[in-house]
Amino acid sequence: MHSAKQRLIFPLDLPEREQALRYVRLLREQVGVFKVGLELFISEGPDILNAIRGESDAGIFLDLKLHDIPATIKRALKSSMKYRPLFVTVHCDEGGGFLRDIYEDTYSETRILGITVLTSLDSNKLMRGGYSREYCEDIKSLVILKAKIALDAGCHGIVCSGHEVAGLRKELGQEPIVVTPGIRPLWSLVPGDDQKRIITPSEAIKKGTDYIVVGRPIRDSEDPAESARRVVQEIESAL
Ligand code: C5P
């Protein structure tokens, strides 16, 4: 399957091109996939994807977390596929296979991931957001519900926190791709951390995730390349 390096996703959560490319150059030996999110994509536009490709052979994860009516999501996804990302993300509240016909007319290597429950959310925030007590008290069941809807819509995989991976694998088997953010190596400290449902790289891999997203523990460390190396080693030893 994938090597430890291929399983490490680094989010380029940076405001502009030169800063992002600096991290690509710094981390390309350690990182399998670079994630471009809203901040960088909105500030630099699609050219940033070619610029990253010019510096590295890593996969590109276009993490725009699209959220709209199915027809609009489908059209936006088709447009995004011309950039040949490895992964794209959608919020999927409707199943019914609406994403499947995207793959009918054209071959695409792009894999669509459904967002389940953002890792910054906890029971209190979900409660305030109007979710029923049953789901707020048992976030894992909400994640499984959202994952099932996403897979039913035609997603190839899902994004979820490390705490939900084992339950998801049990319920949905080995086939769906699972990507896990909210990763904190034991040696990392992120001041004022907004991630609530965090887990270490090795725990996440042992529980059955395919890819981990590690941002601030690498980006904000004194030696990002060395920190990424430590994460890859930790993945390696957990495989
Ligand atoms: O490791 P760190 O917390 O810095 O990672 C932040 C990254 O993880 C951001 O790019 C954010 O979009 C992403 N993320 C995600 N899905 C979540 C939570 C965070 O893709 N559920």
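Heads up: the structure comes first, above all this text.
Okay, so let's go over this structure. (Residues numbered from 1 in each chain as written. Predicted model: local features only at pLDDT ≥ 70, side-chain atom pairs only at ≥ 80, totals over all residues. Heavy atoms only, no water.)

### So, the overall build of the chain
- Each helix and strand in the chain was counted, giving 12 helices and eight strands.
- Rg of the C-alpha trace for the chain: 17 Å, near the compact-globule value of 18 Å for 239 residues, within the 12% margin.
- If you line up the chain on its principal axes, its C-alpha atoms span 45 × 40 × 35 Å.
- The burial tally for the chain puts 52% of its 239 residues in the buried class.
- Contacts in the chain between residues at least 24 apart in sequence constitute 67% of all its contacts with a sequence separation of at least 6.
- Carbon and sulfur atoms provide 48% of the accessible area of the chain, an area that totals close to 11,400 Å².
- The averaged location of the 35 negative side-chain charges in the chain is 1 Å from the averaged location of its 33 positive side-chain charges. (Helix = DSSP H or I, 4+ residues; strand = E, 2+ residues; numbered from the N terminus. Rg over C-alpha atoms; globule rule 2.2 N^0.38 Å. Buried < 20%, exposed > 50% of the residue type's maximum accessible area, 1.4 Å probe, protein only. Contact = heavy atoms within 4.5 Å. Areas by Shrake-Rupley, 256 points an atom, 1.4 Å probe, with all protein chains shown as cover. Lys, Arg positive; Asp, Glu negative; His and termini not counted. Charge placed at Lys NZ, Arg CZ, Asp CG, Glu CD.)

### A few points about the packing of helix 1 (residues 17-27) against helix 12 (residues 224-238)
- Taken N-terminus to C-terminus, the directions of helix 1 and helix 12 make an angle of 55 degrees; their axes are 9 Å apart at the nearest point. The angle between helix 1 and helix 12 falls in the class oblique. Both helix 1 and helix 12 take part in a crossing whose hand is right-handed. Contacts between helix 1 and helix 12 involve Tyr23, Leu26 and Leu27 from the former and Pro224, Ala225 and Ala228 from the latter. (Axes fitted to C-alpha atoms, helices over the stretch in contact; angles between N-to-C directions. Parallel < 35°, antiparallel > 145°, perpendicular 65-115°, else oblique. Left-handed = near helix turned anticlockwise from the far one by under 90°.)

### Topic: the site of the ligand
- Of all residues adjacent to the ligand, which total 15 residues, the nearest are Asp13, Lys35, Thr119, Arg184 and Arg216.
- Between the ligand and Lys65 there is a distance of 3.2 Å, counted from an oxygen atom to a side-chain nitrogen or oxygen.
- When the free accessible area of the ligand is taken as 470 Å², the share hidden by the protein chains comes to 87%.
- Tallied by class, the residues present in the shell around the ligand amount to six nonpolar, three polar and six charged. (Near = heavy atom within 4 Å. Polar contact = N/O pair within 3.5 Å; in protein donor to acceptor, adjacent residues only side chain to side chain. Nonpolar A, V, L, I, M, F, W, Y, C, P; charged D, E, K, R; others polar.)

### A few points about the packing of aromatic side chains
- Counted by the stated rule, this structure contains three aromatic pairs.
- Ring geometry for Phe61 and Phe87: centres 5.5 Å apart, planes at 70 degrees, overall edge-to-face. Of this pair, Phe61 sits in strand 3 (residues 59-66) while Phe87 sits in strand 4 (residues 87-91), and the two are 26 residues apart along the sequence.
- Note on Phe87: relative accessible area 1%, which makes it buried.
- Between the aromatic rings of Phe87 and Tyr211, the centroid separation amounts to 5.1 Å while the plane-to-plane angle is 80 degrees, which identifies the pairing as edge-to-face. Here Tyr211 lies in strand 8 (residues 211-213) and Phe87 lies in strand 4, a separation of 124 residues in the sequence. (Phe/Tyr/Trp six-rings, centres within 6.5 Å; stacked < 30°, edge-to-face > 60°.)

### Observations regarding the pattern of salt bridges
- By the definition in use, this model includes 13 salt bridges.
- Of the charged contacts, one joins Lys35 and Asp63 as a salt bridge, the two residues approaching to 2.5 Å between their closest N and O atoms. One end of the pair, Lys35, is in strand 2 (residues 33-36); the other, Asp63, is in strand 3, and 28 residues separate them in sequence. In this structure, Lys35 and Asp63 share a single accessibility class: buried.
- A salt bridge links Arg169 to Asp210, with the nearest nitrogen and oxygen atoms 2.8 Å apart. Here the residue Arg169 occupies a position in helix 9 (residues 162-172), and Asp210 occupies one in the loop between helix 10 (201-207) and strand 8, the gap between them amounting to 41 residues.
- Overall, the relative accessible area of 8% leaves Arg169 in the buried class. (Salt bridge = Lys/Arg side-chain N within 4 Å of Asp/Glu carboxyl O.)

### Comments concerning unusual backbone geometry
- The backbone of Lys65 sits at a positive phi, close to 45 degrees, despite the residue not being glycine.
- Its place among the elements puts Lys65 in strand 3.
- In this structure Lys65 comes out as partly exposed when scored by relative accessible area, which is 30%.

### Points about the pairing of strand 4
- Here strand 4 lies mainly inside the structure; five of its five residues are buried.
- Side-chain alternation along strand 4 places Phe87, Thr89 and His91 on one buried face and Val88 and Val90 on a second face that is also buried.
- In the sheet, strand 3 pairs with strand 4 via three bridges, with the strands oriented parallel. Pairing of Leu62 across the sheet is with Val88, part of strand 4.
- Relative to strand 5 (residues 111-115), strand 4 runs parallel, the two being bridged by five bridges. (Pairing = 2+ DSSP bridges.)

These figures capture arrangement, not role.
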